[in-house]
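Structural features, examined
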Amino acid sequence: MQPSDMSAVDLVTAVRQGDLTALRATEAFLERIERLDGQINAFLAVDREGALRTAAAVDAKRKAGKPLGPLAGLPVAVKDALCTSDLPTTCASKMLAGFRPPYDAEVVARLRAADAVIVGKTNMDEFAMGGSNENSAFGPVHNPWDLTRAPGGSSGGSAACVAADMAPVAIGSDTGGSIRQPAGLCGITGLKPTYGRVSRRGLVAFASSLDQIGPMARSAADCALMLETIAGHDPGDATSLDLPVPAYGSDLERPLEGVRIGRVPAHFGAGLDPEVAHAVEEAFAAFRAAGATIIDIDMPHADAGVATYYLVAPCEASSNLARYDGAHYGHRAEPGKGHRAEPGQGHRAEPGGAPASGGGFESSLVEMYCRSRAEGFGPEVKRRIMLGTYALSAGYYDAYYAKALKVRRLIRQDYLDAFEKVDLIGGPVSATAAFKLGEKSGDPLAMYLVDLYTVCTNLAGVGGISFPCGFTKGGLPIGFQLQAPALAEPLLLRATDRYQHLTDWHRRRPAIAARPR
Amino acid sequence: MTATPTAAAPFTTVIGLEVHVQLQTRTKLFCGCSTTFGAPPNTHVCPTCLGLPGSLPVMNRTAFELAVRAALALGCKIAPFTKWDRKNYFYPDLPKGYQISQFDLPFSSEGALEVVDPKGALSRNVRITRVHLEEDAGKSMHDEAAGTGDTRIDLNRAGTPLCEIVTEPDLRSPQEARAWLNELKLLLVYLGVSDCNMQEGSLRVDANVNLHIPCDGGRIAKTPIVEIKNMNSFRSVERALVYEVARQYEEWQATKAEMGKTPKQTRGWDDPAGVTRAQRHKEESSDYRYFPEPDLVPVAVSDEWLAATREAMGDPPSVLRQKLAATWKIPAYDADVLVNQGRELVAYFEDLAERVGEGKVASNWMQQDVLRTLNERGGSIDAFPVRPATVADIIGRVAKGDFDTSRAREIFAEVLGSGRTVDEVVASMGIAAVDDDELITLCRELLAENPRVVADVKGGKEQAAAGLIGQAKKKNPNVNPGKVRAMCLDLIRQM
């Protein structure tokens, strides 16, 4: 068996046992990246040298009889929203083109400490804003199942690279579905953990109260392996949960007898593609066959999810992205007419007071801000900054942001109520399978509706997983989503793993991934 | 005291203050960088205070404790639950594009700090609206050289914890404002909350001022509120307010402009010129788009923790003044002078008073000798070379009659100057106790030389004996004046 066909669990076992060197495993995936990524564009940076060096070090460690980390020799692709001290971190934005952070994100540090091999940084929607990966400043990612289609987003590069076997596992981030939706459209398994389960330190913030890092892989078992390494308390992230990390991989095989899965009839309304609806209903049937009970439940406020999300997330984003102003790092507009500062006009802004305005320094400063941001950000990022700035402004705050927070509490309550009756909530990830590149990019509202089934998970702060449950007649993967109460990742992974023992959807590979004859 | 319009000042001055104090923590409010002043630019920085992508804040618990201490001492209510907010604005010394502050749920509110003049001229209870915590911005330095126009940013200060204290408009004169600020500073220094060093920017004051002017028919006209900035000492606060009060009155007489009809004005204090100058009006009012900081969790404050904090913080100056006056039976004025010098000096005084056994004597020595020389020499009381045991020794010898107080002062000065012991100094100055035989001989000589005094005393004017003391000291500088007087009176009675 080729290393690129092996599961992550098998790869680390083989490396640990000496059946496979880390170098050989890494080379195999690097070779696939070289061969395939020209067509897919999943990577913004490939660290061939660094990856081979790390792999060689792992092999040397093993040879010397030193203890190996739990991910020893495992190639991992990391979304370009996570800071890496040895590779540029751009968030697929011109604003951060070439930016190299002075530190590793906590998750990256944990991967390195576990002896994983970081092969590169994956493409994404700019600043994680988007559901198609078309908002990358460095070109869209192409869905490995059909290169004319979108891989979903924003973690489209991470999803596509796993789907095309360019990496066995990848790290994504999910603010409103950015792990689960591309996982669904690319036919892989992606987990968005409970908010606070994985440290956000070093994840370039989009919407701080929603962002969560998670694993993307070919199976639940591989996701479990990854989560065990990246989850856990980080004193450097005040929102990270100080709770023990379970052995996620150890309880996967327990049968699903007695597990109650909620089904939301409203999910099957207008807009859901009939092929998707059929595959999702089939998945419910499979779960029933595996011993689970399916119970219809109501999520009364779910229809307000997208509206709520598109207030909360842009509001936070408008503030989180204020730092990209050209003054300190990242893109700065070339000085033009009037840009040069004039002497003696500046006043510093006192905390608690107003920044001074007017005068030569201020006008040239404001011009520098405006032009740097106008040039550095793409249209979708600008749109969301505008939305958020507007909704937080005096006179609109109560009508928009404050109201969104109220609805968010109602949605959270929906979940609490639902989890009184069921252990998991199942349903579609997306209303359709992968859409054509360019199909929705001219219609922001249609694009926002792509997030219909995923945003509520983030608003409630609970966990969710998506995995393939079938294919369209056209050969595109269809995703199924499970959501669970806070910290119920063991059940999410176990239910998915049980399903993946009954089905082989997750084993199917796109034609492009087939080895050349 | 209430300030009412008088012939001298035909209006009431209304002043409110907004004070920012830098908390005395080793590290910044949301990261581990040092808060030490004066380091080379941009050396006390990390991803968090630089606002780099992906960086996150973590609250410094010590900063929160210090701020709570200040609020407790100001009699504020402490909120059981407080959260952080983002105040959004763009400026190069604010690297995140927002300041982490507290907006609608500050950790404390509704306190008061009284300022009392022990001589009774002034007493004012100034209400505190709120006290909240926030992070400081960095420093922008604009290169003023014509043609170059670079702006340099130093982010060492970015993220330093600041406590913002906002008063109600309860102050009624510039002098009161200054006195109140002195009291606030004393309190904060006592509690170890801040070093309140205005030169290093650890304490910054903005003042809001306007005038209430009685008009015909009993109506009160209120002049537009002006916020004064850029004051770098309490003296300049007072000067700026004096100037501004006069300016506003003049302006009112000329324009009759009242509050509400023009937007609030900000004026900067130009210290060398001694004037306030209007700062540019903003085109539109600022909208900081406050919203809850999602990177931080709210802070819950338990009653137990509050009680422990209260316990640990010690007496504020106002309480200490009363305690000192009562314990050592010293006048309120003395207690005020001592307490105003700081906690270390009070400790010195209490040590001395304990040894001497008499508060007033110890207090006199503190004020006349210790404080005076301390002020001349500079430095802290803890580094003052003459320790309470030595002063007590000198005072004890005066009580025993070894020498008088003026001699004692000379000895104190000599001990301080030479670093020798009291015994050494006494020996070197030839000061030896005068024995009774010597004293009788001396007194007899005196009486023989002053028949007039003898006659006066015999005639009932005992106070005439005072004239003998000076002469006695000329004969022997070591005599104890009290003993000379008593001995002479005795001898005259026996005549």
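Since this is a predicted model, take the numbers as computed values, not measurements.

What counts and what doesn't
- Residues numbered from 1 in each chain as written.
- Chains lettered and ligands numbered in written order.
- Predicted model: local features only at pLDDT ≥ 70, side-chain atom pairs only at ≥ 80, totals over all residues.
- Helix = DSSP H or I, 4+ residues; strand = E, 2+ residues; numbered from the N terminus.
- Rg over C-alpha atoms; globule rule 2.2 N^0.38 Å.
- Buried ≥ 20, exposed ≤ 12 C-beta atoms within 10 Å, placed from the backbone.
- Contact = placed C-beta atoms within 7 Å.
- pLDDT = per-residue confidence, 0-100.
- Pairing = 2+ DSSP bridges.
- Core = buried A, V, L, I, M, F, W, Y, C linked by C-beta atoms within 7 Å.
- Axes fitted to C-alpha atoms, helices over the stretch in contact; angles between N-to-C directions.
- Domains from an automatic or database assignment.
- Parallel < 35°, antiparallel > 145°, perpendicular 65-115°, else oblique.
- Left-handed = near helix turned anticlockwise from the far one by under 90°.
- Expected span 1.5 Å × (residues − 1).

Points about the overall build of chain A
- From N to C terminus, chain A includes 15 helices and 11 strands.
- The C-alpha radius of gyration of chain A comes to 23 Å, within 12% of the 24 Å expected for a compact globule of 517 residues.
- The principal-axis extents of the C-alpha atoms in chain A amount to approximately 75 × 55 × 45 Å.
- Expressed as a percentage of the 517 residues in chain A, the buried residues total 59%.
- Of the contacts made within chain A by residues no fewer than 6 positions apart, 77% connect residues no fewer than 24 positions apart.

A word on the overall build of chain B
- When its secondary structure is counted, chain B shows 16 helices and 17 strands.
- Taking 23 Å as the expected radius of gyration for a compact globule of 495 residues, we find that chain B reaches 30 Å, considerably beyond that expectation.
- For the C-alpha atoms alone, the extent of chain B along its principal axes is close to 95 × 60 × 55 Å.
- By the burial criterion, 41% of the 495 residues in chain B qualify as buried.
- Taking contacts inside chain B between residues at least 6 apart in sequence as the whole, the part at least 24 apart equals 69%.

Considerations on the confidence of the model for chain B
- Of the residues in chain B, 94% have a pLDDT of 70 or more, and the chain-wide mean is 87.
- Interface confidence for the predicted complex, expressed as ipTM, amounts to 0.93; the pTM equals 0.87.

Remarks on the sheet that holds strand β5 (residues 98-101) of chain B
Residue and element names in this part refer to chain B.
- Strand order across the open sheet formed by three strands is β5-β4-β16, with antiparallel pairing between neighbours. Looking at which strands have only one partner, the edges of the open sheet turn out to be β5 and β16 (291-292).
- Relative to β16, strand β4 (residues 85-88) runs antiparallel, the two being bridged by two bridges. Note on β16: the bridge partner recorded for Arg-86 is Phe-291.

Some points on the nonpolar core
- Of all hydrophobic cores here, the largest spans 149 residues; its most connected members are A:Leu74, A:Val76, A:Val119, A:Cys161, A:Val162, A:Ala167 and A:Val169.
- Take this core: its biggest share by element is eight residues, from helix α7 (residues 220-230) of chain A.
- Those residues in contact with A:Val76 that sit more than four places away from it in its chain are A:Leu111, A:Ala116, A:Val117, A:Ile118, A:Val119, A:Ala167, A:Val169, A:Ala170 and A:Ile171.
- B:Val45, B:Ala70, B:Ala179 and B:Leu188 belong to the second-largest nonpolar core, a separate cluster that totals 74 residues.

A look at the sheet that holds strand β8 (residues 293-296) of chain A
Residue and element names in this part refer to chain A.
- Across the sheet, 11 strands lie side by side as β1-β3-β2-β4-β6-β5-β10-β11-β9-β7-β8; this open sheet has mixed pairing. Each edge of the sheet is formed by a strand with only one pairing partner; in this case those strands are β1 (43-46) and β8. Strand-to-strand, the axes of this sheet are offset by a mean angle of 30 degrees, without reference to chain direction.
- By the bridge criterion, eight bridges tie strand β10 (residues 463-471) to strand β11 (residues 477-484) in an arrangement that is antiparallel. What sits directly across from Gly-464, in β11, is Gln-483.

Focus on the pairing of strand β11 (residues 203-214) of chain B
All names here are of chain B.
- With nine of 12 residues buried, β11 is to be regarded as a mostly interior element.
- Strand direction decides the pairing type here: strand β1 (residues 12-22) and β11, joined by 10 bridges, are antiparallel. Within the sheet, the bridge partner assigned to His-20 lies in β11 and is Arg-204.
- Note that β11 and strand β13 (residues 226-231) share four bridges and pair antiparallel. Its bridge partner being in β13, Val-209 is matched across the sheet by Val-226.
- Linking two consecutive strands that pair antiparallel, namely β11 and strand β12 (residues 220-222), is a turn of five residues; a positive phi of about 80 degrees is found at Gly-217 within it.

Some details on the domain arrangement of chain A
- The domain boundaries assigned to chain A delineate domain 1 (3-257 + 464-473 + 488-513) and domain 2 (330-376).
- Centre-to-centre, using C-alpha coordinates, domain 1 of chain A lies 40 Å away from domain 2 of chain A.

A few points about the packing of helix α6 (residues 317-328) of chain B against helix α7 (residues 332-340) of chain B
Residue and element names in this part refer to chain B.
- Orientation of α6 relative to α7, taken along the N-to-C sense of each, is 130 degrees, at an axis distance of 9 Å. Looking at the two axes, α6 sits oblique to α7. In the crossing of α6 with α7, the sense of the turn from one axis to the other is right-handed. Along its contact with α6, which presents Pro-317, Leu-320, Arg-321, Leu-324 and Ala-325, the element α7 presents Ala-332, Ala-335, Asp-336, Leu-338 and Val-339.

Let's talk about the domain arrangement of chain B
- The domain architecture assigned to chain B consists of domain 1 (12-304), domain 2 (315-428) and domain 3 (436-494).
- Taking only C-alpha atoms into account, the centre of domain 2 of chain B sits 32 Å from that of domain 3 of chain B.

Some details on the environment of B:Leu171
Residues and elements named next belong to chain B.
- Following the sequence through the fold, Leu-171 ends up in the loop between β10 (161-167) and α3 (174-190).
- Residue classification places Leu-171 among the buried positions, given that 27 C-beta atoms sit within 10 Å.
- With 156 residues separating them along the chain, Leu-171 and Ile-15 place their C-alpha atoms 4.9 Å apart.
- Leaving out residues up to four positions away in the same chain, Leu-171 has contacts with Ile-15, Gly-16, Leu-17, Arg-124, Val-126, Glu-176, Ala-177 and Trp-180.

Describing the pairing of strand β5 (residues 189-192) of chain A
Residue and element names in this part refer to chain A.
- Burial along β5 is two-sided: the residues Thr-189 and Leu-191 and Gly-190 and Lys-192 are all buried.
- Here β5 pairs with strand β6 (residues 212-217) via two bridges, running antiparallel. Counterpart to Gly-190 in the pairing with β6 is Met-216.
- When β5 meets β10, the two strands line up antiparallel, connected through three bridges. Considered in β10, the bridge of Gly-190 is made with Ser-466.

Considerations on unusual backbone geometry
Residues and elements named next belong to chain A.
- Note the cis peptide between Gly-153 and Ser-154, where omega equals 10 degrees.
- Here Ser-154 lies in the loop between β3 (117-122) and α5 (156-163).
- One non-glycine residue, Ala-92, adopts positive backbone phi at about 55 degrees.
- When you line up the elements, Ala-92 lands in the loop between β2 (75-79) and α4 (106-113).

As for the environment of A:Thr148
- Note on placement: A:Thr148 falls in the loop between β3 and α5.
- With residues up to four places along the chain from it excluded, the contact list for A:Thr148 reads A:Lys436 and A:Leu437.

Focus: helix α11 (residues 405-418) of chain B
Residues and elements named next belong to chain B.
- Counted at 1.5 Å a residue, the expected span for α11 with its 14 residues is 20 Å, and the 20 Å between its end C-alpha atoms agrees.
- For α11, the elements touching its buried residues are α9 (359-377), α10 (388-400) and α12 (422-428).
- Of the residues trailing α11, Gly-419 is marked for its positive phi of about 75 degrees.

Observations concerning the environment of B:Asn232
All names here are of chain B.
- Counting through the fold element by element, Asn-232 comes out in the loop between β13 and α4 (234-255).
- Sequence separation between Asn-232 and Val-275 is 43 residues; the distance between their C-alpha atoms is 14 Å.
- The contact partners of Asn-232, leaving out residues within four places of it in the chain, are Met-198 and Asp-271.

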